[in-house]
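Close look at the chain arrangement
Each chain is listed here by its residues.
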Amino acid sequence: MAGIKALVGLSFGGAIGLTFLLLSCALEQYGVYWPLFVLFFYILCPIPTFISRRLSDDSDVASNACRELAYFLTTGIVVSAFALPIIMARGAVIQLGACGLVMAGNVVIFVTILGFFLVFGGEDDFSWE
């Protein structure tokens, strides 16, 4: 039952984050859809971690080069997702209010992605062996 509650909570968080993002585009005073490019970062964010968990061995080594590279790439993607709306606001492509809504959506979405990895990132019940 705890897994279902976590799944409902994560889906609720994702819905709230996407609502912030869509509000930054669809409100009449903002009226541009350039902030939707942040969706690419939402899609790209978990990919390095998925790949590193699939490729790395499950040894008890404190540091693994594959996982460290995945953390580095994920950090770069997250920083880029926060930097893109700031750059668009500084270039007068979007307004500051839209930038704030995108930032709020970024925080909620990335906390939701982190929550997914914390809740469902444990060992799998299925094994190939």
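Residues numbered from 1 in each chain as written. Predicted model: local features only at pLDDT ≥ 70, side-chain atom pairs only at ≥ 80, totals over all residues. Heavy atoms only, no water.

As named in an unreviewed UniProt entry, the chain is Leptin receptor gene-related protein, taken from Salvelinus namaycush. Of the chain, the UniProt comment under Sequence similarities (unreviewed entry) reads exactly: "Belongs to the OB-RGRP/VPS55 family." (UniProt positions renumbered as here; feature names shortened; annotations may be inferred.)

**So, the nonpolar core**
Leu21, Val38, Phe41, Tyr42, Cys45, Ile77, Ala81, Val102, Ile109, Phe110, Ile113 and Phe117 form the largest nonpolar core, which has 12 residues in total. Listed by contribution, the elements that provide at least two residues to this core are α2 (38-44), α4 (65-90) and α5 (96-120). With 5 residues, α5 is the largest single contributor of residues to this core. If we skip the residues at most four places from it in the chain, Ala81 touches Val38, Phe41, Asn106 and Phe110. Judged by nonpolar contacts, the second largest core, of 8 residues, contains Ile94, Ala98, Cys99 and Leu101. (Core = buried A, V, L, I, M, F, W, Y, C linked by side-chain atoms within 4.5 Å. Buried < 20%, exposed > 50% of the residue type's maximum accessible area, 1.4 Å probe, protein only. Helix = DSSP H or I, 4+ residues; strand = E, 2+ residues; numbered from the N terminus. Contact = heavy atoms within 4.5 Å.)

**Structural notes on the layout of surface pockets**
Here the second largest pocket defines a volume of roughly 260 Å³. Every residue lining the second largest pocket is listed: Cys45, Thr49, Arg53, Tyr71, Thr74, Val78, Phe110, Ile113, Leu114, Phe117 and Leu118. Elements supplying a minimum of two residues to the lining of the second largest pocket: α3 (47-55), α4 and α5. In terms of residue count, the dominant contributor to the lining of the second largest pocket is α5 (5 residues). A class-by-class count of the residues in the lining of the second largest pocket yields 8 nonpolar, 2 polar and 1 charged. (1 Å grid on protein atoms, 1.4 Å probe; cavity = no way out; pocket = protein on both sides within 12 Å on 5 of 7 lines; lining within 4 Å. Points joined across faces, edges and corners; volume = space filled by probe spheres on them. Nonpolar A, V, L, I, M, F, W, Y, C, P; charged D, E, K, R; others polar.)

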